[in-house]
Amino acid sequence: MKNFGMPVGPATLADEVGIDVVSHVASFLSNADLGVRMEGGDISLMQNMIGKGWLGKKSGQGFYSYNGKKKTINSDVKAYLKEFSSRDLGLKEKEIQDRMVSRFVNEAVKCLEDEIIADPVVGDIGLVFGTGFAPFRGGPFRYLDTVGVDKYCDLMNGFAEKYGPQFEPCQLLKDHAASGKKFHG
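What you see is a predicted model; the values in this text were computed from it and never measured. (Residues numbered from 1 in each chain as written. Predicted model: local features only at pLDDT ≥ 70, side-chain atom pairs only at ≥ 80, totals over all residues. Heavy atoms only, no water.)

Even after reading the chapter, I still don't get unusual backbone geometry, so can you show me in this structure?
Excluding glycine, residues mostly have negative phi values, and the peptide bonds linking residues are mostly trans. Its identity is not glycine, yet E115 carries a phi of approximately 60°, on the positive side. Mapped onto the fold, E115 is located in the loop between α5 (93-113) and α6 (120-131). (Helix = DSSP H or I, 4+ residues; strand = E, 2+ residues; numbered from the N terminus.)

Printed below as a string of structure tokens:
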């Protein structure tokens, strides 16, 4: 995700925040009444890591092992993760990035749709400064306008067909794609 422009990748972020905290948030979201949007992951992976004491940086072990300022991939976790892989999907870096970012972007648009945020500018600023969304991309709404909302909606629909309904674009994203409307004037 760093090659996409995020300040850190998801494993580093989880280790920094704490596997226990990430697991709690994932559990909360998967049990919230948010529909299939929050499905698609196996949160038992992190729950088992907690059981093994792999809490991330604060415990010295997480996805990485920490020795002072030095961090290396945790070989125990690497072996453990193989238990969760049923098959190698052979994904290229771009598809991995798109799969991760598409759900993030869809949630941003869903926040606009549900009037949680006032407008795309607020969403872009909040997500760049609040979550570290790739700053040079201008935020998720500017990113959609740059890529093309219709193309992005097609990408997500393809993911939904291939990987499941958690990738289905929200209605506002579909509406913008159908009308050719951009999020920023």
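Is there a simple way to think about the environment of H184 in this case?
Note on placement: H184 falls in the segment after α9 (171-179). With relative accessibility at 12%, the residue H184 sits in the buried group. Once the C-alpha coordinates of H184 and V121 are considered, the two residues, 63 residues apart in sequence, prove to be 7.8 Å apart. Look past the residues within four positions of H184 in its chain and what remains in contact with it is P120, V121, D124, F141, R142 and D145. A polar atom in the side chain of H184 sits 2.6 Å from the side chain of D124. (Buried < 20%, exposed > 50% of the residue type's maximum accessible area, 1.4 Å probe, protein only. Contact = heavy atoms within 4.5 Å. Polar contact = N/O pair within 3.5 Å; in protein donor to acceptor, adjacent residues only side chain to side chain.)

Help me understand the nonpolar core, please; the structure alone is not making it clear to me.
Ranked by size, the top nonpolar core spans 25 residues in total, and within it F4, V101, V109, F133, L144, L173 and F183 carry the most contacts. Breaking this core down by element, the ones donating at least two residues are α5, α6, α7 (140-147), α8 (149-163) and α9. At five residues, the largest contribution of residues to this core is made by α5. If you look at the next biggest cluster of nonpolar residues, it comprises eleven residues, including A14, I19, Y64 and Y80. (Core = buried A, V, L, I, M, F, W, Y, C linked by side-chain atoms within 4.5 Å.)

Would you explain the pattern of salt bridges in this entry?
A side chain with one charge can pair with a side chain of the opposite charge if their charged atoms come near. Following the criterion strictly, the structure yields seven salt bridges and no others. Among the salt bridges present, the one from K58 reaches D20, with a minimum N-O distance of 2.9 Å. Pair noted here: K58 is in the loop between α3 (44-51) and β1 (64-67) and D20 is in helix α2 (residues 19-31), with a separation of 38 residues, a long-range link. Taking the shortest distance from any N to any O, the salt bridge between E95 and K162 comes out at 3.7 Å. Taken together, the residues E95 in helix α5 and K162 in helix α8 connect sequence positions 67 residues apart. Salt bridges linked by common partners bring K110, E113 and D114 together as one network. (Salt bridge = Lys/Arg side-chain N within 4 Å of Asp/Glu carboxyl O.)

Explanation requested: the packing of α7 against α8 in the structure shown.
The relative placement of two packed helices is expressed as an angle between their axes plus a distance between the axes. Packing of α7 against α8 leaves a shortest axis separation of 6 Å and a crossing angle of 100°. As far as their axial angle goes, α8 and α7 are roughly perpendicular. Across the interface between the two elements, Y143, L144, D145 and V147 of α7 pack against V149, K151 and Y152 of α8. (Axes fitted to C-alpha atoms, helices over the stretch in contact; angles between N-to-C directions. Parallel < 35°, antiparallel > 145°, perpendicular 65-115°, else oblique.)

I keep staring at the pairing of β1 and nothing clicks. Help me out?
Two faces belong to every sheet, and in a regular strand the side chains alternate between them. Pairing of β1 with strand β2 (residues 70-73), which is carried by four bridges, proceeds in the antiparallel orientation. When the sheet's bridge partners are listed, Y64 is paired in β2 with I73. (Pairing = 2+ DSSP bridges.)

What is the right way to look at the environment of F104 in this model?
With respect to the secondary-structure elements, F104 resides in helix α5. The sequence separation of F104 and L127 amounts to 23 residues, and the corresponding C-alpha distance is 9.8 Å. Setting aside its immediate chain neighbours within four residues, F104 contacts L127, T131 and F133.

Would you take a moment to explain α9 for this structure?
For an α-helix, the turn length of 3.6 residues means that residues three or four places apart are oriented alike. Along α9, the positions that sit buried rather than exposed are L172, L173, H176 and A177. For α9, the buried positions fall inside an angular range of 140° around the axis, keeping them on one side. Structural note: α9 exposes A178 and S179 on the side pointing more than 90 degrees away from its buried face. Buried residues belonging to α9 abut α5, α7 and α8. (Arc of directions from axis to C-beta.)

Would you mind going over the state of the cysteines with me for this structure?
Among covalent bonds in proteins, the disulfide is the one between the sulfur atoms of two cysteines. Counted under the stated rule, the structure contains zero disulfides. Here C153 is not cross-linked by a disulfide; its sulfur's nearest cysteine counterpart is in C170, at 8.3 Å. (Disulfide = S-S within 2.5 Å.)

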